[in-house]
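Survey of secondary and tertiary structure
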Amino acid sequence: MAGKSLKKSSTPGVSIWQLVEEVPKGCSTPDFVQRPIALALQEGKTATFRAVVCGEPRPRVRWHCSKGDLSSSSKYQVSSSTGSREHVLQINKLTGEDTDVYRCTAVNAYGEATCSARLTVIEVGFRKNRKRPKEPQEDFKKELVDFRKMLKKRDPPPAPKKKVDMEQVWQLLMTADRKDYEQICLKYGIVDFRGMLRRLQRMSKEREEKLAPYLNTIANLRHVRVNKEGIATFGLELDLKSPESKIYLYKDGEMVPCGFDNQTKHCLRRLGKHYQFQIQDLRPEDAGIYQVRVEDAHVFSTELEASAIPPRVVVPMADVRCEERGDAVFECTLSNPCPGAAWRFQHQPLHLSDKYEVFVSPDGLTHRLLVRGVRYSDMGLYSLGTKLHASSAWLVVEAGKDKSLLTASSDRQRQASRAGRDSTSDAYSRRTDATLSPRSRRKPGAGSFSEDARGLTGHFSRGLADTEVERGEAAVLSCTLTHDLGPGAWFKDGVKLSAQDGLALEQDGLAHRLVIAQADGTRAGRYSFAAGGQQSEATLTVHDPPVIAPDVTAQLREPLVVKAGKPVTVKVPFQSCLPVQATWRKDGEALAGGGGRGAQVSVGDGFTRLCLPSASRQDRGQYSVTLRSQGGSVQADLTLQVLDKPQPPQGPLEVQDDHGAGVRLRWRPPKDDGGRALEHYVVERRQAGRSAWLKVGEPRSDSTTFTDTHTEQGKKYAYRVRAVTAEGPGEALESEEVLVAPEARPGPPPPPSILSASSQGITLSWTAPRGPGSTHILGYLIEKRKKGSSTWVAVNQEPVPEKKWMVGDLRQGWQYEFRITAVAPSGRGEPGPPSEAVFARDPMRTPGPVRDLQVTDTSHTSISLSWARPDTQDGDEPQGYVVELRSSASPQWSPCHTGTVQGTTYTAKGLRPRESYFLRVTAVNDGGPGQPTALGSAVEAMPVSVRPRFRMDASMKDLMTVRAGDTVRVPVYFEAAPTPEVTWLKDGLPLPKRSVASVKDGLTQLLVPSAGLDDSGVYTVVLRSLRGEEATYSFRLKVAARPRAPGPIVLREGTLGSVTIEWEPSPDEAEAGAAPLHYAVLMRTSAHAPWCPAAERLQNCRFTLVGVLPGREYHFRVVAKNELGASEPSDTRHPWVVPRQHKVAARGRSYREPDLSQKPRFLVGLRPHLLPLGSECCMTCAVQGQPRPHVSWFKNDQSLANHPSAYTTDVMGVCSLVIPSVSATDGGQYKAVAENTLGQAVSTATLIVVEPSDE
C-alpha cells in the first residue's frame, strides 16, 4: 500500500496501516481492543458482531462484506452508543446468502485498522438446495495465506497476568511437595531459595499453633488432579477435635459455596476422616489456587493449572458446501488451547498431506482444516475432537456448472479405479457415491433434455418426468423413443446403472422403463436415459424422513425429573440414510448449540443429544426436537422437571420491636418452592458481635409471621428465615441488626424562661418535654450553676409537679443559669438545655439614646455607621447596641444582626443596590432597651463616586517589542467607582477579532494569542464613568520577527593573502518599519570543522578577510541578525582555495611517549567484617596499575566466579564483593587478587557471621 506503513497490533488478526510519518503526541492510530468473532448460526436467527475500537481522535467505523457497504441496507443495523467505544453490526433473519466474511474498518486522520470475522449460516431442510451466489473463495484463500504468514512471523500475544496474592503462594508452598518447589518458585518469581525455606519453617510453626484448637492430625495430602470425565479432585485426611467444626473452601482468597451431594459445582465428600473435594463442569476461569480452611485456620492449598482443564467447543463447526475440485474449509473455536486436538473423517483419523492442511491461530483457540481439490469421495462427516468434547459437520460436494452427467460419471469411475476397486464392483462403488451426495441434487422441470440433445433431431417422443414417491413404494421412470436406437443406457447422478444395482431395466418396443421395487432415500436423485447421443433427464424424490423408534417416543412422554446442579443428557436415537439437521426448542424458543454454561446440542451418527452441564430451575419446561432431512421431518417432545431447594423468602424481612412483647418478624413466601411443597420455615437469631446463629422457631408453611419473646432489652439482634422442603432448607433471607430498646424515659425539657429577677430570687417557668416516655411525668428537678462554671447544683431534692418555680438562696450580683430534668415512672430523663444567664439583682434603669449617629461609608450592598456612647447616670451604662433598618417602602423595623453589637461602629450588609434605607441604633442593658436614635433621612445603597484614573507603575511602558508568534498579555490597573466603561482601540479603531480584552476588579487586560506583524500599532485604553468623566492611556506595540536569510555569497580575490566576501542583503532590510539588522560572517577551514566568527555587526554587505594561507580551503557563511535573533545562514557553494606556490619541507621535533606502565598495587585494602546472620555484606578495595589489572575474588582459596548468591563490581578501579544475605556458611578468609602483565597484588580480610540471640 503506497504511502502507508504497516504496524503491529496487540490483538491477533488486526492489520494497522499508519498514514503519516509521525503521529503527534497525545494522538494514536486506530486499533481493536476486541475484534468480532466468527459465528455459525441457523437460518432465521439474528447474528451480532461486536467490536471495541480505540484511537485518538476517535475513529470512524464502517462495516462491509463482499457485497459492499452495509450501512444503507434495511437488513443490517449498525449502532454505537454515545461515549462508548463499542460498535455493533446486527444481521436480522439470516439466510444462506448471508454466509460471508464481514470486515470492520476503523479510520482516523493518522491510520486505518481492519479485521474480519466469518459468518456461516446453517440451512435447514430442502432450502439447502437453493442456488446462491458463489462464496468469495478467493478472499478466503487470501485470508488463509495471511493467516499462514501470521503463524510464521508473529509470536502469540502474552496472556494477561492475573494478580496473585503472594500470601496465597506461600500457603501453597507450605503444603506442596518438595519436588514442586522449583516449579512454583520459577512461576511466581521467588529467587531466594534459602530465604524461602526459612520462611516456610517459620510459617509451619505458626500454622501448627493456629490449627491446635481444631485438629489432632493432618495426613495424605492429595493435590488436584483432572480425571477422564473432566472432574478435578483433591483431598486430605483430617482428625477434627470437634465434629461441629466448619470446613470452608476458598479460591484465590474468596470463599466458594460447596455442596455435599454432587448437586453443586464444588462438592465435598466425606468418608470417615477422608475429605475429598470435586470441581465439576470445568471452565478456564476455574484455574487458580484452592485453599481448605477449618474455621479460620488454613489447612491445605493446591493449584489447578489452566493447562489441565480440558477445552470445550465455543464456536462449533458448520456444514460446508463446495463444488467439485474446489477447496473446503472447516473452522472450530475452543475455549482454551488444545495441542492434542485431532481431526477425523467418517470417524477415522485424518493424516496430513497435500490434500489436508491444518491451521491453528496464534492464541491456540481457532482450528481450521483445509481440504484441497474436493472430490465426491470426500463428502461425509468431518469432526474435531478433544479429550472430552467434539464438534462435527458435513461436507457436501456439488457438481460443477461446466460438467455434464457423462463427465461426472467418468470422474467417479477414475476415482474408483485409483482406490483399487475391482472392475466388477463398479456398480456398487457408484451406488455408494450416490448415497453420499444427497445435497448436490437439482430439480429442473419434468422431461428436460440435455444441451447436446437440443441441437439434434429429437429421438424422444416422450421424455422422462419428475416423480415423487413415499418410502417403500415402487417407482417407475419411463420414456419413449421415436425409432429404435438400441438398448440405451440409464444413469443416476452421472453414474451408469445396471441390473446389478437392484433395479429392473425393461424395454417394450420403443418404450424404456426403470423400475425400483421399494424406494428409499438412497434411490432419490437425478436420473437420465441416453440413446443415440441424446438423453432425457428427470428427478426422483423419495419422501424418507428420519425415523424415531416408538419405544423412544414412549420414553420421552414420561416426565424427566432431575435434581438441580446435576448434568442432564437426553439422547434421541434415530434412523436416516440422509444427513439430518436437529433443532431443539424449549417452550417454543430455539436453543443455541454453542458451548458455555448453557445448553449444548450435538448431532452424531444416528443420534442427537441435548446436554445441560448443570441443571437449574430455569431449565424446566417443555422441550422438543425436530429432525429434518431432504426426505422430511419428525418431531419428539419431552417434559423436564428440575427439583431444587426453595428460594429464600421474599423480602424485605420486617423486624419490629413490640416494646416488651418481643420482636415481631414478617416476610413473604418464596417465589419458587423448588418443585416441592413447603414443609415449614426455620427462624434463626444472632446477637450483634457474635458469629453463631441460634434457632428460635419453626413456623408452619402457611404462616409468614413469628414473634421472638426471648430477647433482652438494650441488645442488638439480626434474624434470618429459611424455607424448608423435602429437598432441604433453602437460602436464608437475612435482616439488618435491630435494637431491642428498653422502656423509654422522658426527653429533655426546653430551656426555662426567666419571668422575673431580683436580689431576693429568680422566677422560672418551663414546658413539658415531648416524645416517647414523656406521657406520664411525675415532676421536675431544677438545677443551677454560676455562669462560666461546669458544676450544677440541685435546687430541689424532690420532683415538683408545677411548671413554675422561684429559686432563692442566690448571691446578689452573681449571674446564674438554670436547667430542668423531667422524672417519669421509668426514671429520670436527660437534662434540658440551660437557660439564658441572668443576674440576681434588682432591675436596672434603661440606658439613654446614643449620640452622633452618622454614615461613614456606602456601597451597592452595604452601609457603614458610627456613633458615640450615651450619657450615663445612676448606673444605666449600656451593655451593647442593637442596629435596625427598614426600607423606604416598609414601616417595619428589623434587626441587622443577632445578639448585640459591643462596639460603636457597624456595617449593614446584604442590601439591594440603589435602594434607600432608614437606620436606627438602640443601647441596651439588663434593664432593657433604651430610646432608639435614627438617621434624619434615608440613605441610598450605592458607592461613593471616584473619578477614573490609571495606576501607573514601572511595568507600564510606552513601547513594547515582542516576537512574532508569541502571546501578548498587557495588564492595565485603574481606580474608579463605580466601575467605568472600558474601551480598547488600535490606531484609533476597535480591536481586531483575534485580540481579546477583559475587565475585572480594577484590572483590564489585552490578550493577543499569537502576535503577527499586522498587530503592531498604537493601542489606547479609554475609561469612561457614568458621569462622562474620561481617562486614557496609550502605548506602542511593535511585533518583529527574525530576519530572513541573506542572498547568495560571491567570493572575489583581493590583494595577496586576502579574499573579499560579498552577498545580497536580507529582504527585510528593504521593508519599512522592520527592525534594524546587521550581519555576521563565519568561517571554517574544512567541510567538517566548526564555524568560527570572522566578523560581527557589519552594516554593509561586504567584508575582506586577510591572512589567507595558500593551499587551504575556506568556507564562508553569512547570517543576518536583529534584536530578536539570527536568520537562517547563507553558505558558499564552493570553498575558496589559494594555490600553493612553493613547497617548504619542515621537519617536526621528535617526541617520546612517557612510560606509564606500573604493576598492580592496592590503594585501599580489604577490611574485616563482623555481621549478623541475614544481613548484607559489601567488601570494597581500590587498586591501581597500568595496564589496568584484573581482580579475582577467593574465599578460603576457592574461586567465587560462579558463586550463586554473590556478585562483584569493578568501577574505575574500585572493586566490590556483595553478598545480599549472609549465612553461617559464608564466614571465612576472603582474598582479592589484582593481576596484569607486570605482576600481581593481594589483599585479604576475614568475614565472621554471628548467630542472633534467642532473647
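As annotated in an unreviewed UniProt entry, the protein carries the name Immunoglobulin-like and fibronectin type III domain-containing protein 1 and is attributed to Moschus moschiferus. Looking at the protein in UniProt, the text filed under Sequence similarities (unreviewed entry) is "Belongs to the protein kinase superfamily. CAMK Ser/Thr protein kinase family." Regarding the protein, the UniProt comment filed under Subunit (unreviewed entry) reads as follows: "Interacts with FLNC. Interacts with KY."

Together, L1170, I1248 and V1250 give the surface a local cluster of nonpolar side chains, amounting to about 280 Å² of exposed area. By secondary structure assignment, the location of V1250 is in strand β99 (residues 1239-1250).

A separate point is the sheet that holds strand β8 (residues 76-80). With antiparallel pairing, 4 strands are arranged side by side in an open sheet as β3-β5-β9-β8. Bordering the open sheet on either side are β3 (28-34) and β8, each of which pairs with just one other strand. Within this sheet the neighbouring strands show an average axis-to-axis angle of 25°, counted without direction. Bridge count between β8 and strand β9 (residues 86-91): 5 bridges; the pairing is antiparallel. Its bridge partner being in β9, S79 is matched across the sheet by V88.

All right, on to the sheet that holds strand β36 (residues 511-516) then. Note: strands within a sheet are paired through backbone hydrogen bonds, in either parallel or antiparallel orientation. Strand order in the open sheet formed by 4 strands is β30-β32-β36-β35, and the pairing between neighbours is antiparallel. Here the strands that pair on one side only, and so sit at the sheet edges, are β30 (460-462) and β35 (504-508). For this sheet, the mean angle separating the axes of adjacent strands, direction not counted, is 30°. The pairing of strand β32 (residues 475-481) with β36 spans 6 bridges and is classified as antiparallel. Bridged to L477 within β36 is L514.

What follows concerns the packing of helix α2 (residues 166-175) against helix α4 (residues 193-211). Remark: α2 packs on α4, axes separated minimally by 10 Å, with the N-to-C direction vectors making an angle of 85°. By the criterion of interaxial angle, the relationship of α2 to α4 is roughly perpendicular. Here α2 contributes E167, W170, Q171, L173, M174 and T175 to the contact with α4, which in turn contributes M196, R199, L200, M203, S204 and R207. Here the residues of the contact of α2 with α4 are counted per class, giving 6 nonpolar, 3 polar and 3 charged.

Attention now moves to the pairing of strand β52 (residues 716-725). For β52, the tally of buried residues reaches 8 of 10 residues, placing the bulk of the element in the interior. Sheet analysis places strand β49 (residues 680-687) next to β52, joined by 8 bridges and oriented antiparallel. Directly across from Y681, in β52, lies its bridge partner A723. Looking at chain direction, β52 and strand β55 (residues 738-739) are connected through 2 bridges and run antiparallel. Paired with Y717 across the bridge in β55 is V738. Of the pairings in the sheet, the one linking β52 to strand β53 (residues 728-729) comprises 2 bridges and is antiparallel in character. Its bridge partner lying in β53, V724 is registered against P729. Counting the residues that bridge the hairpin from β52 to β53 gives 2 residues.

By size, the foremost hydrophobic cluster in this structure holds 25 residues, and its most contacted members are M317, F330, L369, Y382 and L395. Of all the secondary-structure elements, those providing two or more residues to this core are β21 (320-323), β22 (328-334), β23 (342-345), β26 (366-371), β27 (380-385) and β28 (390-398). When neighbours within four sequence positions are excluded, M317 is seen to be in contact with F330, E331, C332, W343, Y382, S383, L384, S391, S392 and A393.

We now examine the environment of Q201. Turning to its location among the elements, Q201 is positioned in helix α4. On the basis of relative accessible area, Q201 is assigned to the exposed category, the value being 51%. On a C-alpha basis, the gap between Q201 and M174 in space is 8.5 Å, while along the polypeptide they are 27 residues apart.

Basis of the calculations
- Residue numbers run consecutively from 1 along every chain, following the written order of its sequence.
- A pLDDT threshold of at least 70 governs which residues receive local features in this predicted model, and a stricter bar of 80 or more applies before side-chain atom pairs are shown or counted, although totals over entire chains, interfaces and linings include all residues.
- Hydrogen atoms and water are omitted, and side-chain values are computed over all heavy atoms in the structure.
- UniProt positions are given in the numbering used here, feature names are shortened, and annotations may be inferred rather than shown by experiment.
- Each patch groups residues whose relative accessible area exceeds 30% and which form no salt bridge, using 9 Å between like charges and 5 Å between nonpolar side chains of Val, Leu, Ile, Met, Phe, Trp and Tyr.
- Surface accessibility in these figures is a Shrake-Rupley result with a 1.4 Å probe; residues are shielded only by whichever protein chains are displayed.
- Salt bridges are counted wherever a side-chain nitrogen of Lys or Arg sits within 4 Å of a carboxyl oxygen of Asp or Glu.
- Think of it this way: any DSSP run of H or I at least four residues long counts as a helix, any run of E at least two long counts as a strand, and we number them from the N terminus.
- Pairs of strands are assigned from DSSP output, requiring at least two bridges between the strands.
- Each axis is a line fitted through C-alpha atoms, and for a helix only the stretch in contact is used; angles between axes span 0 to 180 degrees, taken between their N-to-C directions.
- An angle below 35 degrees is treated as roughly parallel, one above 145 as roughly antiparallel, one from 65 to 115 as roughly perpendicular, and anything else as oblique.
- Contacts are assigned to residue pairs with any non-hydrogen atoms lying within 4.5 Å of each other.
- Gly is placed with the polar residues, together with every amino acid not listed as nonpolar (Ala, Val, Leu, Ile, Met, Phe, Trp, Tyr, Cys and Pro) or charged (Asp, Glu, Lys and Arg).
- Burial classes follow relative accessibility: with a 1.4 Å probe on protein chains only, a residue under 20% of its type's maximum area counts as buried, one over 50% as exposed, and anything between as partly exposed.
- By nonpolar core is meant a set of buried Ala, Val, Leu, Ile, Met, Phe, Trp, Tyr and Cys residues that side-chain atoms within 4.5 Å join together.

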